[in-house]
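Residues per chain are reported as follows:
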Amino acid sequence: MNFHIMTLFPEMIEGAANTSILGRAIDKGLLSVNAVDIREYTANKHNRVDDYTYGGGAGMLMQAQPIYDCYMNLQPVREGRKVRTIYMTPQAKVFNQDMAREFAKEEDIVFLCGHYEGIDERVLEEIVTDYVSIGDYVLTGGELPALVCMDAIARMVPGVLGNEVSGETESFDDGLLEYPQYSRPEEWKGKRVPDVLLSGHHANIEKWRHEQSLCRTKERRPDLYEKYLATHEKL
Ligand code: 6GU
């Protein structure tokens, strides 16, 4: 899978993408991360990529031309392939695990990261296929959101997490939060690991973990808990 990130801060993307699990997946040839500097495509003699907004109002806007030329020069676009192009913006539906799973099926994904007060609407209409937010708060740019989405998508690509582990065996796979987990020692600061986990009784362990998931979800995410009950109603 190939990620193409259009940004004014390519070093922000490269720094984060080349570490840990993403870095290993790149080394293994499962992923590529291609951060492209939009500024390199400006036709402005002072290298500007922003200008005032028509109609007035606060701040500057990223102009259409550099973004469009940058997009048209991306490899999959040059080769005439249809490519999902995601604009990271708080004016959008909030990213979730289902979306990560869907995007992970693509061969190429383009992320467009905005700055300033946003981007000229006309270039968005021309190239963007998906509008995605990462939550109801405002950030200074789309780079961190793009990294968040890229990480969540990448771990759903087969092989990225390693041979045995599946991206599905985590919180949200069945709509519940994950149960608490423990490693050695059996006792730490007077706190003991729950007996059932030391029992070796796998059915009881599964039952305990499911109960813990339910409890934790009800307490921390009542919204998810209600949704779970509604879809798992035993008749
Ligand atoms: Cl995707 N972009 C920006 N700039 N701010 C955000 C966001 C995205 N999602 C939440 N806040």
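Residues numbered from 1 in each chain as written. Predicted model: local features only at pLDDT ≥ 70, side-chain atom pairs only at ≥ 80, totals over all residues. Heavy atoms only, no water.

Chemist: Quick one: what's the story with the site of the ligand, residue by residue and with numbers?
Modeler: The immediate surroundings of the ligand are formed by Met88, Thr89, Pro90, Val132, Ser133, Ile134, Gly135, Tyr137, Leu139, Gly141 and Pro145. In this structure, a nitrogen atom belonging to the ligand sits 3.2 Å away from a side-chain N or O atom of serine 133. The contact in question runs from a nitrogen atom of the ligand to an N or O atom on the backbone of leucine 139, over 3.2 Å. In isolation the ligand offers 290 Å² of accessible surface; the protein chains occlude 95% of this area. Ranked by residues supplied to the shell around the ligand, first place goes to strand β5 (residues 84–94) with 3 residues. Tallied by class, residues from the shell around the ligand come to 7 nonpolar, 4 polar and no charged. (Near = heavy atom within 4 Å. Polar contact = N/O pair within 3.5 Å; in protein donor to acceptor, adjacent residues only side chain to side chain. Areas by Shrake-Rupley, 256 points an atom, 1.4 Å probe, with all protein chains shown as cover. Helix = DSSP H or I, 4+ residues; strand = E, 2+ residues; numbered from the N terminus. Nonpolar A, V, L, I, M, F, W, Y, C, P; charged D, E, K, R; others polar.)

Chemist: An account of the nonpolar core is needed here, citing residue identities and associated values.
Modeler: Counting 30 residues, the largest nonpolar core has Phe3, Leu31, Phe95, Phe111 and Ile153 as its most contacted members. Counting residues per element, this core draws most heavily on helix α7 (residues 143–154), at 7 residues. Setting aside chain neighbours within four positions, we find phenylalanine 3 in contact with Leu31, Ser32, Val33, Asn34, Ile109, Phe111, Met150, Ile153 and Ala154. Counting 20 residues, the second-largest nonpolar core is a separate cluster that includes Val49, Met62, Val77 and Val128. (Core = buried A, V, L, I, M, F, W, Y, C linked by side-chain atoms within 4.5 Å. Buried < 20%, exposed > 50% of the residue type's maximum accessible area, 1.4 Å probe, protein only. Contact = heavy atoms within 4.5 Å.)

Chemist: I'd love a proper account of the pattern of salt bridges, names of residues and values included.
Modeler: Tallied over the full model, the rule gives 11 salt bridges. Residue lysine 105 pairs with glutamate 102 through a salt bridge whose shortest N-O separation is 2.9 Å. In this structure glutamate 102 comes out as partly exposed when scored by relative accessible area, which is 42%. The closest approach of N and O atoms between glutamate 186 and arginine 192, which form a salt bridge, is 3.7 Å. On the basis of relative accessible area, glutamate 186 is assigned to the partly exposed category, the value being 46%. Of the residues examined, arginine 192 reaches a relative accessible area of 44% and is grouped as partly exposed. Here the salt bridges do not stand alone but share partners, grouping Glu79, Arg81 and Asp108 into one network. (Salt bridge = Lys/Arg side-chain N within 4 Å of Asp/Glu carboxyl O.)

Chemist: How would you sum up the side chain of threonine 42? Please name residues and give values.
Modeler: Tracing the chain through its elements places threonine 42 in the loop between β2 (32–37) and β3 (50–52). The exposure class of threonine 42 is buried, given its relative accessible area of 14%. Within the local environment of threonine 42, its side chain forms a polar contact with the backbone nitrogen of asparagine 44, the two atoms lying 3.0 Å apart. Among the polar contacts made by the side chain of threonine 42, one reaches the main-chain carbonyl oxygen of arginine 48 at a distance of 2.6 Å. Residues in contact with threonine 42, not counting those within four places in the same chain, are Asn47, Arg48, Val49, Gln65 and Pro66.

Chemist: Any chance you could break down the packing of aromatic side chains for me, citing the residues and the numbers?
Modeler: The final tally for this structure, using the stated rule, is 2 aromatic pairs. Geometrically, the ring pair formed by tyrosine 87 and tyrosine 131 is edge-to-face, given 6.1 Å between the ring centres and 80 degrees between the ring planes. Separated by 44 residues along the polypeptide, tyrosine 87 in strand β5 and tyrosine 131 in strand β7 (residues 130–133) bring together distant segments of the chain. Here tyrosine 131 falls in the partly exposed class, since its relative accessible area comes to 31%. (Phe/Tyr/Trp six-rings, centres within 6.5 Å; stacked < 30°, edge-to-face > 60°.)

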